[in-house]
Amino acid sequence: MRKAVNLFGEGAVRAEKAGFDIIEIQFGHGYLMAQFVSPFVNDRSDEFGGSFENRIRFPLETLQAVMDSVNLPIIVRISGDEMIPEGIKLPEMIELSKLLEKKGVIAIHVSAGTVCSTPPWFFQHMFVPKGKTWEMAKKIKIKVNIPTIFVGRINSLEDIEKLQKEYSADYIAVGRALVADPDFIGKYFAEVKGPIRPCLACVEGCLGGVKSGQGLQCLVNPEVGRETEAVEPAQQHKNYAGVGGGLAGMQAAITLKKRGYEIDLYEKNTLGGQFNLAPLTPYKKSMARLVPYFKEELEYNKVNIIFKEATESNLISKYDGVILATGSKPALPSIPGLNKFHWADILLEENLPENKKVLIVGGGLIGVDIATALIPRDNKIIIVKRTTDFGEDMEMIAKNLSLKMMKEKGTVFSDHTYIKKIEGRTVYAERKGKNIRFDDIDVIVVSTSMTSYNPLEEELKKKMPVYVVGDAKRVGNAQDAIRDGYETAKEL
Ligand SMILES: Cc1cc2nc3c(=O)[nH]c(=O)nc-3n(C[C@H](O)[C@H](O)[C@H](O)COP(=O)(O)OP(=O)(O)OC[C@H]3O[C@@H](n4cnc5c(N)ncnc54)[C@H](O)[C@@H]3O)c2cc1C
Ligand SMILES: Cc1cc2nc3c(=O)[nH]c(=O)nc-3n(C[C@H](O)[C@H](O)[C@H](O)COP(=O)(O)O)c2cc1C
Ligand code: SF4
């Protein structure tokens, strides 16, 4: 422990030498200091465990070592609440904050959760409500005379206004909103023009990218990780057509227009394509900001949108090239008797069943999303999958919380299950070599897989340059679609 304290002091010296202006020491989020502070994990019986005074001894000794080593101002970050029954709670954190003030800390930065037990709170995931950390910071703020830093999903101008007006926030800390849009603050101060690309709090790209070893990425911002790659202005005038106003087509059109090309974007239905269905799941409401953002960006960049189905005759000889972003469609399994069923369209308000027995065939992202939307409507859910891993294509936190909720609400999970036939309300299947059946099924949902929908490429490419992007090229997710639209348009 002595060695660890010294290491903190030495680290602080290096930070000062490197030119940092402030040092923030992390007392929360389940890291080393929090492992002493938290009654949930600290089971020591010496002078570093047990009472509050003992549990904060090591963190305070570390703070002192840092203070003694450098002349920099110091902020301490805490978890106002670890969001576990036996964990750190706010009343103790108010007492700690008062002590930190006495010690000379210049501000308290109030987050929540622990990386070990409550990552949704740590990462302020879209599945947990916005503003809980703001409430904690407010309660600490009124008890100390140093600034309190508010953090957690501050990702819109309305949030900043609210924090100023209702919380009298001294300072705010902004993380992912700057990953999604590095000009977030510039746009707030009207120094930079244009719509704000909203962080969805999904952590699909940022945390997902880091966890998968690909490095920081972002669902909504295709430039993350490629900041040094310039988007070159168009070298010659060209007139493109984009077919399909889903995420891939919209991003391609915006990037082309920004580069100085002309583009007509054809959409036969609704801008946003499939992604319009994503926010219809109860915990994914924050995703509802993405399509309106794209619409704003299309308008801001004056992209010409033509609301009709593009056909070969619309395109040939009128354009210098075509971006095909016609998306994907559900791939329907051939099951005798499968006549009446839904896909993700069941998420639309007018289709949502209530108090029914629902069989979901396919347990990936879409199947799991559908289950989480139907459960609150008192539906009984059976979800079947040919393999084992339900929600295998989901972001980890969303997957864990969705499956936990489904289990708690009595969802029947049937893995290794092959549906053989459907007769009336009975579904016959085979599981691990045994015949099984599901009786009294009211509603069948098929969410097995998606297949690229790209009917125009074959003929068009004989006559003009054609570039296929997004799900139409390879079925992926929203981040893949946006990235592909961007990359393709950047290279033309
Ligand atoms: C319920 C649900 C939840 C999802 N949740 C997530 C999630 O949480 N995270 C994630 O990353 N991804 C999610 N996805 C997947 C994601 O939405 C898709 O991968 C992505 O939107 C695909 O975008 P796209 O532009 O390639 O295709 P699409 O969205 O399929 O868009 C294609 C567009 O082309 C139009 N079109 C087709 N042919 C023509 C034509 N001839 N003329 C004019 N227009 C035409 C269509 O009307 C459509 O608007 C979800 C999908 C669903 C269904
Ligand atoms: C990819 C990622 C990595 C993070 N790493 C850390 C970390 O190492 N230490 C920490 O205290 N918080 C970490 N956080 C949490 C952030 O500091 C911040 O509290 C959280 O993202 C909420 O703020 P935001 O909504 O403005 O992003 C991380 C968050 C993300 C998304
Ligand atoms: S990946 Fe999602 S949570 Fe992370 S910065 Fe981008 S939009 Fe925000």
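Just so you know, these numbers come straight off a predicted model, no measurement behind them.

Basis of the calculations
- Residues numbered from 1 in each chain as written.
- Chains lettered and ligands numbered in written order.
- Predicted model: local features only at pLDDT ≥ 70, side-chain atom pairs only at ≥ 80, totals over all residues.
- Near = placed C-beta within 6 Å.
- Helix = DSSP H or I, 4+ residues; strand = E, 2+ residues; numbered from the N terminus.
- Nonpolar A, V, L, I, M, F, W, Y, C, P; charged D, E, K, R; others polar.
- Pairing = 2+ DSSP bridges.
- Axes fitted to C-alpha atoms, helices over the stretch in contact; angles between N-to-C directions.
- Domains from an automatic or database assignment.
- Buried ≥ 20, exposed ≤ 12 C-beta atoms within 10 Å, placed from the backbone.
- Contact = placed C-beta atoms within 7 Å.

## What to know about the site of ligand 3
Near ligand 3 lie 14 residues; those nearest to it are R176, C199, G205, C206 and C218. No other element matches the three residues that helix 9 (residues 176-180) contributes to the shell around ligand 3. Grouping the amino acids of the shell around ligand 3 by side-chain chemistry returns 11 nonpolar, one polar and two charged.

## Side note on the sheet that holds strand 14 (residues 417-423)
Within a sheet, neighbouring strands are paired by backbone hydrogen bonds and run either parallel or antiparallel to one another. Strands sit in the order 14-15-16 across an open sheet of three strands; the sheet is antiparallel. Bordering the open sheet on either side are strand 14 and strand 16 (434-438), each of which pairs with just one other strand. For this sheet, the mean inter-axis angle between neighbouring strands, taken without regard to orientation, is 25°. Pairing of strand 15 (residues 426-431) with strand 16, which is carried by five bridges, proceeds in the antiparallel orientation. Residue R431 lies in a different strand from strand 16, and its bridge partner there is K434.

## So, the domain arrangement of the protein
For the protein, the domain assignment lists domain 1 (2-174), domain 2 (239-329 + 451-491) and domain 3 (333-447). Here the C-alpha centroids of domain 1 and domain 2 sit 44 Å apart.

## Observations concerning the pairing of strand 1 (residues 23-26)
Alternating positions in strand 1 separate cleanly, I23 and I25 being buried on one face and E24 and Q26 remaining unburied on the opposite face. Looking at chain direction, strand 1 and strand 2 (residues 74-79) are connected through four bridges and run parallel. The residue of strand 2 that forms the bridge with I23 is I74.

## Focus: the environment of P330
With respect to the element layout, P330 can be found in strand 10 (residues 328-331). Distance in space between the C-alpha atoms of P330 and S449 is 5.9 Å, their sequence separation being 119 residues. In this structure, P330 is in contact with W343, V446 and M450, ignoring residues within four places of it in sequence.

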